Amino acid sequence: MVHSAYDSVELISDCPTKIEAISSYGTKLLLGCSDGSLKIYAPDSSGSRSPPSDYHSQSLQKEPYSLERNLAGFSKKPLLSLEVLESRDILLSLSETISFHGLPNLGTIAVITKAKGANVYSWDDRRGFLCFARQKKVCIFRHDGGRGFVEVKEFGVPDVVKSMAWCGENICIGIRRDYMILNSTTGALTDVFPSGRLAPPLVVPLPSGELLLSKDNIGVFVDQNGKLAHEGRVCWTEAPMVVVIQKAYGIALLSRYVEVVRSLRAPYPLIQTIILRNARRLLQSNNAAIVALDYAVYGLFPVPLGAQIVQLTASGEFEEALSLCKLLPPEEASLRAAKEASIHIRCAHHRFDSGDYEDAMEHFVASQVDITYVLSMYPSIVLPKTTMVVDPDKLMDISADSSYLSRGSSGMSDDMEPSPLSHVLESEESVALESKKMSHNTLMALIKFLQKKRFSIIEKATAEGTEEVVMDAVGDRESNRFKKTNKGRGSTPVTSRAREMAAILDTALLQALLLTGQSSVALELLKGLNYCDVKICEEILLKSNHHAALLELYKCNSMHHEALKLLHQLVEESKSNQVQPEVIQKIKPESIVEYLKPLCGTDPMLVLEYSMLVLESCPTQTIELFLNGNIPADLVNSYLKQHAPNMQARYLELMLAMDENGISGNLQNEMVHIYLSEVLDWYADLSAQQKWEEQTYSPTRKKLLSALESISGYSPEALLKCLPADALYEERAVLLGKMNQHELALSLYVHKLHLPEMALSYCDRVYDSLAHQPSSRSSGNIYLTLLQIYLNPKRTTKNFERRIMNLVSPQNKGTPKVGSANTVKSKGGRGAKKIAAIEVADDIRISQSGTDSSRSDGDADADADESGEEGGSTIMLDEVLDVLSRKWDRINGAQALKLLPRETKLQNLLPFMGPLLRKSSEAYRNLSVIKSLRQSDNLQVKEELYEQRKGVVKITSDSVCSLCRKKIGTSVFAVYPNGSTIVHFVCFKDSQSIKAVGRGSSLRKR
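Residues numbered from 1 in each chain as written. Predicted model: local features only at pLDDT ≥ 70, side-chain atom pairs only at ≥ 80, totals over all residues. Heavy atoms only, no water.

### Concerning the overall build of the chain
Formally: In this text, helices come from DSSP runs of H or I with a minimum length of four residues, and strands from runs of E with a minimum of two, each type numbered from the N-terminal end. Computed by Shrake-Rupley with a 1.4 Å probe, the accessible areas treat only the displayed protein chains as cover when residues are assessed.
Scanning the chain from terminus to terminus reveals 35 helices and 30 strands. Total accessible area on the chain stands at roughly 50700 Å², and carbon and sulfur atoms take up 52% of it.

Here it is, written out as structure tokens:
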């Protein structure tokens, strides 16, 4: 016996006649005896005798009963069955026929004579339908609401019916050893299944509308159509004779005793066995089950639910106890919830101690216990400090509830008192149990528990944070000044209960995940919204070397400095191979760049500070970070200039390569100055070693030349003053070209660099650039300038020296000579001085000397004089002829010939004159043809004009104006081109003016 569900109380002990049938009405017992008499028994206590109007509210009493009334001759034959129809106050009796008697006076209402010989019946109280079986027929009668019954149907069946019950609109009957469903409308029979070989069929209706069909000692559940309702089976000790259903229990009458029974929920365990010899009848009353022996009657009164719950809980049958809690009355809902929580907690501890950790956590979840209670079972998990006070009454049952659920009320006995929390957890002091609680399985169960509780707790914490933000927005800051917002959770204390709980939960969950090796899940936890305690989690993650999780912890709490320091440390360790190989694969310098990307818009100075650490190792990604992050370029350049000057040029180079239009003029000027400073240092070093050669190119000098030619954001005048007078002629030539000093630039290419090809390329660039400017003078003059340089070398050299002196003399007065011994110092100091000198030079501006196109007549005369003086000097005739032969189509031939010496041989001019004359002849011929075609067109137009003037219009007295419809007469007239339309000239003019006005108005409308 698991527990006592029913108390057996003897109600009648000495009935003088053998009891054949029994029923109850209110507090009274109705006994049908073998002599046909009806005996009415009532409780001995006088207080139980109540007026008839109170019968429905009364129930059987737990006390001896005595005979109150004896109706001899109630039936001619022994009564087979009695049933009180309480909804109609009628007593139904089955003897030789079926009779109906009014209650409580027992007057006869109706007798169904057709039921003579009936052996079994079933009453449908909802519809007032009675069905009974006699011989091989089933009859259906309906109560007409008064004192009579009306026959509805009669159906034939294969054999004598041994058991029957209504199932909805149909009837389930047991015939021979089979169960069938009889359609009460058509009489159709449907087989269900055999009833077995050891016992007759037994049909038991259930409160749910289903049926319990007995198959020997097994009870099978079927629905109203005879289909299996579920796979559960009720197994009795032997085949029952009668089964009644009361609440959650089924009570079966067996041959030697009563089994109180199987709880009507899987797995249908045996609850209680009551020994009652020679039991003949089993009946369900309103508050008890009645068992009739031959001469005695026992009442099976249910033990109060509270007491049953206590027994079940004490014996470890927690599931049964929880199922009984659901049977508590609705008015005790709060008490039921408290009791269920208490049982869940006890069951959870029992399961936990038994090693069923997951089921234990399921019960903890169902109990709605505070998570701190469960976490107290895991002392090795470090929790943040909390200001909350855990109420033990919320963890265990309330003592007041136990007295309320006593055996005298709804059923809770005083045996179930709440245990203090210290008694529940006292076994945790054992070292063995502590190690058990930190095992892998216990931690996995804890993780599932925390994950199930997490959603609601995080939702409440988030709602609190949102509410605070809203309150702050409307100005209610006084009540919230001690609270914190969601950002920076690790730096300020949490004072709200919901967020304290969230911090405890997430901190414990992270530790459990790490202890069970689920680092990836822990990482996902930190990536999402979380309330992990920073101090505790930081210490744990550092000890366990979970660097990726620690980075996410810093990141979600806006601790970017700490995160970037850790990243830098890991990068440095990975270079020295001091960390694990899998960490090296993940932690690279690019990781710092990826971390900095979201911070560009919020904290650019932090981005600049930590980007310096990886600028040298991954410059392209870092500069992409600056560009994509929209950090001002001037800010980046100034920061680099101060903290990483060696990377300043690299940044500007990559920035220019990625976005040519994105770099401002100031930055272009800065980049050129950096290049120039490095080149000047390099030149000074080589000069000091007497190894300088003009044709030597370092990488920086190549960059300088490329920058000078490709960009235009610098000041060429200032840079020109910084160049040494006896070196870097190519740079000087580029700068002079930027200043439109083409003659000086070409002189450098020809006389200083001795590179005619570069001079010719320079002329090509100038020619191409001027060709797209229609307002400029003839672009071919640049080639003539080159020819003059070739033909008058001494004059151009003197002119070059004079004009160069004019350009640089103001600067030379205050600037020390570049390349002197004083400048040969360390590279860093010399570079800084050079940049300073260049920046000073930017502030000095000189008036630009006239270009070739702006030379005055006085200069031309001076050149002529010098030319006369130096007529006998050596000229570069071969270079001149080469230019003429290659660029004959870009040079004005007449002017070029004027520049050539008289002694030039015509044979040498053939490569120039040949194609030039052919082109001129071709142009002449083309122009002649065009002229002839235009003259022909002119003649054709004149001929057409003459033809038009030959037209004749005859005006008669009948000629009428086509516009005003008046005669033309002698008026001036006009003729339209078709030659037939004649109008007055005045009308013609008026029509033209009207058309003009119409066009103007339409244009205005548009």
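### So, helix H14 (residues 547-556)
This is how it is decided: Think of it in three bands: residues with accessible area under 20% of the maximum for their type are buried, residues over 50% are exposed, and the middle band is partly exposed, with areas taken using a 1.4 Å probe on protein chains only.
Here H14 lies mainly inside the structure; eight of its ten residues are buried. Among the residues making up H14, those that are buried are His-547, Ala-549, Leu-550, Leu-551, Glu-552, Leu-553, Tyr-554 and Cys-556. In the stretch just after H14, Ser-558 is the one whose phi turns positive, near 60°.

### A look at the nonpolar core
Side chains of nonpolar character tend, in soluble globular proteins, to be buried together. Let me state the cut-off plainly: Put simply, a nonpolar core is a bunch of buried Ala, Val, Leu, Ile, Met, Phe, Trp, Tyr and Cys residues held in one set by side-chain atoms that sit within 4.5 Å of each other. Contacts between residues were defined by any pair of non-hydrogen atoms, one from each residue, lying within 4.5 Å.
Core analysis: the largest hydrophobic core is formed by 151 residues, its most contacted members being Phe-364, Tyr-378, Leu-446, Phe-449, Tyr-651, Leu-786 and Leu-884. With twelve residues, helix H11 (residues 497-515) is the largest single contributor of residues to this core. Residue contacts for Phe-449: discarding those within four places in its chain leaves Met-361, Phe-364, Val-365, Ile-371 and Val-374.

### Re the pairing of strand E21 (residues 228-235)
Keep this limit in mind: Paired strands are those between which DSSP finds at least two bridges.
Bridging between strand E20 (residues 218-222) and E21 involves four bridges; their strand directions are antiparallel. Directly across from Ile-218, in E21, lies its bridge partner Cys-235. The hairpin formed by E20 and E21 contains five residues between the paired strands, and Gly-226 there has a positive phi angle of roughly 85°.

### Notes on the packing of helix H15 (residues 560-575) against helix H18 (residues 604-611)
Spelled out, the test is: Axis lines are fitted to C-alpha atoms, over the contacting stretch for helices. Their N-to-C directions set the angle, which ranges from 0 to 180 degrees. For classification purposes, angles smaller than 35 degrees are called roughly parallel, those larger than 145 roughly antiparallel, those between 65 and 115 roughly perpendicular, and all remaining angles oblique. Two helices that cross are described as forming a left-handed crossing if the nearer one is turned anticlockwise from the farther one by less than a right angle, and a right-handed crossing if clockwise. Residues are sorted three ways: Asp, Glu, Lys and Arg are charged, Ala, Val, Leu, Ile, Met, Phe, Trp, Tyr, Cys and Pro are nonpolar, and all the rest, Gly among them, are polar.
It is at 11 Å that the axes of H15 and H18 come closest, and there the two elements cross at 15°. In terms of axis orientation, H15 runs roughly parallel to H18. In the packing of H15 onto H18, the handedness of the crossing is right-handed. The segment H15 lies against H18, with His-560, His-561, Leu-564 and Lys-565 engaging Leu-606, Glu-609 and Tyr-610. Looking at the contact of H15 with H18 residue by residue, the classes come out as three nonpolar, two polar and two charged.

### Concerning the sheet that holds strand E15 (residues 170-175)
Pairing is antiparallel in the open sheet, where four strands are placed in the order E14-E15-E16-E17. With one partner strand each, in any of the chains shown, strand E14 (161-167) and strand E17 (189-194) form the two edges of the open sheet. Strand-to-strand twist of the sheet, defined as the mean angle between neighbouring strand axes without regard to direction, takes the value 25°. Where E15 lies against strand E16 (residues 178-183), six bridges are found, and the strand directions are antiparallel. By the bridge assignment, Asn-170 is partnered in E16 with Asn-183.

### Notes on the pairing of E14
Burial runs high along E14: six of the seven residues are buried. Relative to E15, E14 runs antiparallel, the two sharing six bridges. Residue pairing for E15: Trp-166 is matched across the bridge by Ile-171.

### Quick look at the pattern of salt bridges
Applied cut-off: In what follows, salt bridge is the name for a side-chain nitrogen of Lys or Arg lying within 4 Å of a carboxyl oxygen of Asp or Glu.
All told, the structure shown has 25 salt bridges when counted by the stated rule. As a salt-bridge pair, Arg-351 and Asp-359 come within 2.5 Å of each other at their nearest N and O atoms. Across the pair Glu-539 and Lys-543 runs a salt bridge whose closest N-O atoms are separated by 3.3 Å. Residue Glu-539 and its partner Lys-543 are both found in helix H13 (residues 534-544); the two are separated by four residues, about one turn of the helix.

### Things to note about helix H19 (residues 619-628)
The cut-off we apply is this: Taking the helix axis as origin, the arc is that swept by the directions to the C-beta atoms.
Those residues of H19 not exposed but buried are Pro-619, Thr-622, Ile-623, Leu-625 and Phe-626. Taken around the axis of H19, the buried residues stretch over an arc of 145°, which confines them to a single face. Once H19 finishes, Asn-630 follows within two positions and takes phi at roughly 60°, a positive value.

### Things to note about unusual backbone geometry
The linkage connecting Leu-103 with the following residue, Pro-104, adopts the cis geometry, with an omega of 10°. Looking at the secondary structure, you find Pro-104 in the loop between strand E8 (98-102) and strand E9 (108-112). For Asp-216, which is not a glycine, the phi torsion comes out positive at approximately 60°. Here Asp-216 shows up in the loop between strand E19 (211-215) and E20. Under the relative-accessibility criterion, Asp-216 is labelled buried at 17%. Positive phi values are uncommon outside glycine, yet Leu-728 reaches one of about 55°. Along the chain, the position of Leu-728 falls in the loop between helix H24 (716-722) and helix H25 (729-738). Among the residues examined, Leu-728 registers a relative accessible area of 0% and is labelled buried.

### Observations concerning the packing of aromatic side chains
Stated precisely, the cut-off is as follows: Working definition: a ring pair exists when centres of Phe, Tyr or Trp rings (six-membered ring for Trp) sit within 6.5 Å. Plane angles under 30 degrees give stacked, over 60 give edge-to-face, the rest tilted. Charge over a ring is defined by NZ of Lys or CZ of Arg lying within 6 Å of the ring centre and within 35 degrees of the ring normal.
Here the structure, examined in full by the defined rule, presents 16 aromatic pairs. Ring centres of Phe-132 and Phe-141 lie 5.6 Å apart, and the angle between their planes is 25°; on these two criteria the pair is classed as stacked. Take Phe-132 and Phe-141: they sit in the same class, and that class is buried. Each ring, one from Phe-364 and one from Tyr-373, has its centre 6.1 Å from the other, and the planes form 65°; the classification is edge-to-face. Taken together, the aromatic side chains of Phe-100, Trp-123 and Phe-149 make up a single cluster linked through ring pairs. Sitting above the plane of the Phe-129 ring, Arg-127 keeps its charged end 4.5 Å from the centroid.

### Things to note about the environment of Arg-351
Here Arg-351 is to be found in helix H3 (residues 333-354). Sequence separation of Arg-351 and His-363 is twelve residues, and the distance between their C-alpha atoms is 8.9 Å. Excluding its chain neighbours within four sequence positions, the residues that come into contact with Arg-351 are Phe-318, Glu-319, Asp-356, Tyr-357, Asp-359, Ala-360 and His-363.

### Some words on the sheet that holds strand E12 (residues 137-143)
The four strands are arranged E10-E11-E12-E13 in an open sheet whose pairing can be described as antiparallel. Single-partner strands in this sheet number two, and they are strand E10 (118-124) and strand E13 (149-156). The average angle at which neighbouring strand axes cross in this sheet is 20°, direction not considered. Here six bridges tie E10 to strand E11 (residues 129-134), and the two strands are oriented antiparallel to one another. By the bridge assignment, Trp-123 is partnered in E11 with Leu-130.

### Brief notes about the environment of Leu-305
Summarising the element assignment, Leu-305 is placed in helix H1 (residues 305-314). A relative accessible area of 13% means that Leu-305 is categorised as buried. C-alpha separation for the pair Leu-305 and Leu-328, spaced 23 residues apart in sequence, amounts to 7.2 Å.

### Digging into the confidence of the model for the chain
The following threshold applies: Per residue, pLDDT captures the predictor's confidence, and it can take any value from 0 to 100.
Averaged over all residues, the pLDDT of the chain equals 78, while 79% of them reach at least 70. A low-confidence stretch, residues 391-431 (pLDDT under 50), is modelled with 92 contacts involving residues beyond four sequence positions or located in other chains. Every residue in residues 477-494 is under pLDDT 50, and counting partners more than four places away or in other chains gives 29 contacts.

### Quick word on the packing of helix H23 (residues 699-710) against H25
Here H23 crosses H25 at 10°, and the two axes come no closer than 10 Å. In terms of their interaxial angle, H23 and H25 are classed as roughly parallel. Facing H23, whose interface residues are Arg-701, Leu-704, Leu-705, Leu-708 and Glu-709, H25 presents Glu-730, Glu-731, Val-734, Leu-735 and Lys-738. Residues belonging to the contact of H23 with H25 are distributed by class as follows: five nonpolar, no polar and five charged.

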